[in-house]
Amino acid sequence: MSDILLLNGPNLGILGKREPEVYGTATLADVEEAVGEEVAGRGWKVVAVQHDSEGELIHAIQDSYDTVGAIVNPGALMIAGWSLRDALANYPRPWIEVHLSNVWARERFRHESVIAPLASGVIVGLGALGYRLAARALLGVVDG
């Protein structure tokens, strides 16, 4: 077991082009590379999955029970992704929820995540750096 799941939800496949004033200019490939750099010293490899469909994200989680942990940016599915929440409730490893923007500084409907109570931790508002910090957090909470 030496893989880490990097799961990104709807609209995150267009990072770098999508509202750069909110989400920054880093692409999803940049994020994947940064997480890979953070975990390489432990010998972990990144399994990166991005889907705009909640069902596909659920399948990715269910297919990744043998990973050491996960970094999850559910995008807007944080608001009402109850099926995604149920899949993450059954994920047997630690995972960190990440959001590029500070969701509490934005529209009121973004102020609650249905999945955050299940996460080992939540990082918001630090742009692409948040993914690196999530990787460091997992390095600290996962044995071996």
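For the structure, see preceding data.
For clarity, every value in this text was computed on a predicted model and none was experimentally measured.

Caption draft 1: The arrangement of helix α3 (residues 54-62) in detail. Every buried residue of α3 is accounted for by Leu57, Ile58, Ala60 and Ile61. The arc enclosing the buried residues of α3, seen along the axis, measures out at 160°, which places them on a common side. Elements that come into contact with the buried residues of α3 comprise β1 (3-8), β2 (45-50), α4 (77-80) and α5 (82-90).

Caption draft 2: Looking closely at the sheet that holds β2. Pairing is parallel in the open sheet, where 5 strands are placed in the order β2-β1-β3-β4-β5. Here the strands that pair on one side only, and so sit at the sheet edges, are β2 and β5 (121-124). Neighbouring strand axes in the sheet, compared pairwise and without regard to direction, differ in orientation by 20° on average. Taken together, the 6 bridges between β1 and β2 define a ladder with parallel strand orientation. Counted as the bridge partner of Leu6 is Ala48 from β2.

Caption draft 3: Up close: the environment of Gly9. As for its position among the elements, Gly9 is in the loop between β1 and α1 (20-23). Taking the relative accessible area as the measure of exposure, Gly9 reaches 0% and is therefore buried. In this structure, Gly9 is in contact with Gln50, His51, Asp52, Leu57, Asn73 and Pro74, ignoring residues within four places of it in sequence.

Caption draft 4: The environment of Ile4, seen in detail. In this fold, Ile4 is placed in strand β1. Residue classification places Ile4 among the buried positions, given a relative accessible area of 1%. Sequence separation of Ile4 and Val141 is 137 residues, and the distance between their C-alpha atoms is 13 Å. Sequence-distant contacts of Ile4, defined by excluding residues within four places in its chain, comprise Val39, Trp44, Lys45, Val46, Val47, Thr67, Val68, Gly69, Ala70, Ile71 and Leu138.

Caption draft 5: Seen up close, the pattern of salt bridges. Counted by the stated rule, this structure contains 3 salt bridges. Here Glu37 makes a salt bridge to Arg132, at a shortest N to O gap of 2.5 Å. With Glu37 in helix α2 (residues 28-39) and Arg132 in helix α6 (residues 129-141), this residue pair connects regions lying 95 residues apart in the sequence. A residue is classified by how much of its surface remains accessible, and Glu37, at 44% relative accessible area, is partly exposed. A relative accessible area of 22% places Arg132 in the partly exposed class. With its nearest N and O atoms 3.0 Å apart, the salt bridge here joins Glu38 to Arg136. With Glu38 in helix α2 and Arg136 in helix α6, this pair connects stretches of sequence that are 98 residues apart. Through salt bridges with shared partners, a single ionic network connects Glu37, Glu38, Arg132 and Arg136.

What counts, and where the lines are drawn
- Residues numbered from 1 in each chain as written.
- Predicted model: local features only at pLDDT ≥ 70, side-chain atom pairs only at ≥ 80, totals over all residues.
- Heavy atoms only, no water.
- Buried < 20%, exposed > 50% of the residue type's maximum accessible area, 1.4 Å probe, protein only.
- Helix = DSSP H or I, 4+ residues; strand = E, 2+ residues; numbered from the N terminus.
- Arc of directions from axis to C-beta.
- Contact = heavy atoms within 4.5 Å.
- Pairing = 2+ DSSP bridges.
- Axes fitted to C-alpha atoms, helices over the stretch in contact; angles between N-to-C directions.
- Salt bridge = Lys/Arg side-chain N within 4 Å of Asp/Glu carboxyl O.

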